[in-house]
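Below, each chain spelled out in residue letters.
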Amino acid sequence: MEAVKVGLLGLGTVGGGTVNVLTRNAAEIARRAGRGIRITQAAAREYNAEAISGLEQIEVTDDAFAVVNNPEIEIVIELIGGYSPARELVLQAIENGKHVVTANKALIAMHGNEIFAAAQAKGVTVAFEAAVAGGIPIIKAIREGLAANRIEWLAGIINGTGNFILSEMRDKGRDFEDVLAEAQALGYAEADPTFDVEGIDAAHKLTILSSIAFGIPLQFDKTYTEGITRIERQDVAFAGELGYRIKHLGIARKTDKGIEMRVHPTLIPERRLIANVDGVMNAVLVKGDAVGPTLYYGAGAGAEPTASAVVADVVDVVRALTTDPENRVPHLAFQPNKLSDLPILGMADVETSYYLRMQVADKLGVMAEITRILADCGISIEAIKQKEPAEGDPQVSLIMLTHEVLERRMNEAIARIEALPSVTGPVMRIRMETLEG
Ligand code: HSE
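Residues numbered from 1 in each chain as written. Predicted model: local features only at pLDDT ≥ 70, side-chain atom pairs only at ≥ 80, totals over all residues. Heavy atoms only, no water.

What follows covers the domain arrangement of the protein. In terms of domains, the protein is made up of domain 1 (4–135 + 303–338), domain 2 (138–299) and domain 3 (350–432). Summarising the inter-unit geometry, the C-alpha centres of domain 2 and domain 3 are found 26 Å apart. Each partner contributes to the interface: domain 2 provides 20 residues, whereas domain 3 provides 17 residues. The largest share of the area that domain 2 buries against domain 3 comes from Phe238, Leu242 and Leu267, three residues that together contribute 33% of it. Across the domain 2-domain 3 interface, the total number found is four salt bridges. Close ionic contact of Arg357 with Glu232 constitutes a salt bridge, the shortest N to O distance being 3.7 Å. (Domains from an automatic or database assignment. Contact = heavy atoms within 4.5 Å. Buried area = accessible area lost by both parts, 1.4 Å probe. Salt bridge = Lys/Arg side-chain N within 4 Å of Asp/Glu carboxyl O.)

Right, let's get into the environment of Lys140. Along the chain, the position of Lys140 falls in helix 6 (residues 138–145). For Lys140 and Val329, which are 189 residues apart along the polypeptide, the C-alpha to C-alpha distance reads 9.9 Å. Dropping the residues within four chain positions of it, Lys140 is found in contact with Glu129, Gly145 and Asp316. A polar atom in the side chain of Lys140 sits 2.8 Å from the side chain of Asp316. (Helix = DSSP H or I, 4+ residues; strand = E, 2+ residues; numbered from the N terminus. Polar contact = N/O pair within 3.5 Å; in protein donor to acceptor, adjacent residues only side chain to side chain.)

On to the layout of surface pockets, then. Approximately 1,100 Å³ is the volume attributed to the largest pocket. When residues of the lining of the largest pocket are traced back to their parent elements, those giving at least two are helix 1 (13–24), helix 3 (64–68), helix 5 (105–122), helix 7 (160–172), helix 8 (176–185), helix 9 (194–197) and helix 10 (200–214). The biggest single contributor to the lining of the largest pocket is helix 1, with three residues. When grouped by side-chain class, the residues that make up the lining of the largest pocket number 22 nonpolar, 16 polar and ten charged. Two domains each put at least three residues into the lining of the largest pocket: domain 1 (4–135 + 303–338) and domain 2 (138–299). (1 Å grid on protein atoms, 1.4 Å probe; cavity = no way out; pocket = protein on both sides within 12 Å on 5 of 7 lines; lining within 4 Å. Points joined across faces, edges and corners; volume = space filled by probe spheres on them. Nonpolar A, V, L, I, M, F, W, Y, C, P; charged D, E, K, R; others polar.)

Let's shift gears to the sheet that holds strand 3 (residues 59–61). Spatially, the six strands line up as an open sheet ordered 3-2-1-4-5-6, and their pairing is parallel. In this open sheet, the two strands that pair with only one neighbour each are strand 3 and strand 6 (126–127). Bridge count for strand 1 (residues 4–9) against strand 4 (residues 75–78) is four bridges, and the pairing is parallel. Bridge pairing links Leu8 to Ile77 in strand 4. Helix-sheet contacts for helix 1 involve strand 1, strand 2 (37–43) and strand 4, and the interaxial angle to strand 2 is about 155°. (Pairing = 2+ DSSP bridges. Axes fitted to C-alpha atoms, helices over the stretch in contact; angles between N-to-C directions.)

One pass over the full model with this rule turns up 38 salt bridges. For the salt bridge of Arg408 with Asp349, the shortest nitrogen-to-oxygen distance reads 2.8 Å. Of this pair, Arg408 sits in helix 14 (residues 407–418) while Asp349 sits in the loop between helix 12 (303–320) and strand 13 (351–361), and the two are 59 residues apart along the sequence. Take Arg408: its relative accessible area is 42%, and that puts it in the partly exposed class. When its relative accessible area of 27% is taken as the criterion, Asp349 is described as partly exposed. (Buried < 20%, exposed > 50% of the residue type's maximum accessible area, 1.4 Å probe, protein only.)

Time to look at the site of the ligand. Around the ligand, the neighbouring residues are Lys105, Asn159, Gly160, Thr161, Tyr188, Ala189, Glu190, Asp196, Asp201, Lys205, Gly300 and Ala301. The separation between a nitrogen atom of the ligand and a polar side-chain atom of Asp196 is 2.7 Å. Taking Lys205, its side chain carries an N or O atom lying 2.8 Å from an oxygen atom of the ligand. Relative to its free-state accessible area of 250 Å², the ligand is covered by the protein chains to the extent of 93%. A majority-of-atoms criterion places the ligand in the largest pocket. (Near = heavy atom within 4 Å. Areas by Shrake-Rupley, 256 points an atom, 1.4 Å probe, with all protein chains shown as cover. Sits in = over half its atoms within 2 Å of the grid points.)

So this is what it looks like as structure tokens:
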């Protein structure tokens, strides 16, 4: 049977990796898919031809719309990234009856509802495994492997760049900017690296995971997002002394009141497997009611790990080319007319425990004032640590771990503590999760 003709948008890090994997493993992939898979046309403005093998077999154009309008092409792989023109290109490809494979988490998180509706109407597939956690088949694991379960919660390290930065800062004492520059050179970081360090990339991915886990529409605008830029080396060290690691987590949880969707630095006990996931590696912990806790681990960014997921999606689409479009695996795991409108909880309604660090005057009565405020707000303290002041320094660092409390109460307590004359500067607050199965 003739090879399936594929069009590729983007020949950057992941695009180049995709061509290389498809070229190197062509025979093995054809045995799996049942047909050969051939990229016949690619669109790119800039690319490193020497790093891509098999490029001579591909017609390269700088007009991405020429690829999505090419009648010979059955599958379009979108690896341009970003919201636009990716959205227009993908919608045009769908309109032309082509299947789409994308690694674009921003696109799916922001415009996925529209894109899936268009794909449903046209009877084509939009596959996006590479959009979340790089090479880890986490979409397939939740959507298909855990289809028997009610998913209770999930928590993941889903930005490789951020995890690489936190790991290097902790283990080698390196500076934030220096590690970020290395992540960019290695092709891990987004075109705009603030997406990585401010948590936007992780929020895109968490939005997608939440929909697949709970059967809700994609709601990126309701995902609470906090990055890693405020984390100081002293917090990493203090957390370590208390038996915790700071990880940038995406957390989604189904509660009686609604769905929590939040991305923020989090203290987790260092004995948890996920606390020991370092560098560019990602890991996602998923708790299902039947299976219990499950953990998925692998490279979260980089050319070939991401290409691994892209090519697997292409293989899936090729295998399904002849199946009934009404009976394909639903894009968001649940049938499109069965998504639920469960409320997404605001952060004030989320309950967690906290790590607090504050600079206080080293004098009688200060600790009593602070613990009084916490008690007034119904906050119970789990541990207190006071760091010895440097010689002649009238200030000391006070570190506290609290039991679980509603965020609204903690906000009130922090505002009152920061107003005390004996407290200098803002209180550093990092949420904690035990991640107990
Ligand atoms: N910038 C992303 C990361 C790439 O570092 O995880 C993979 O999505």
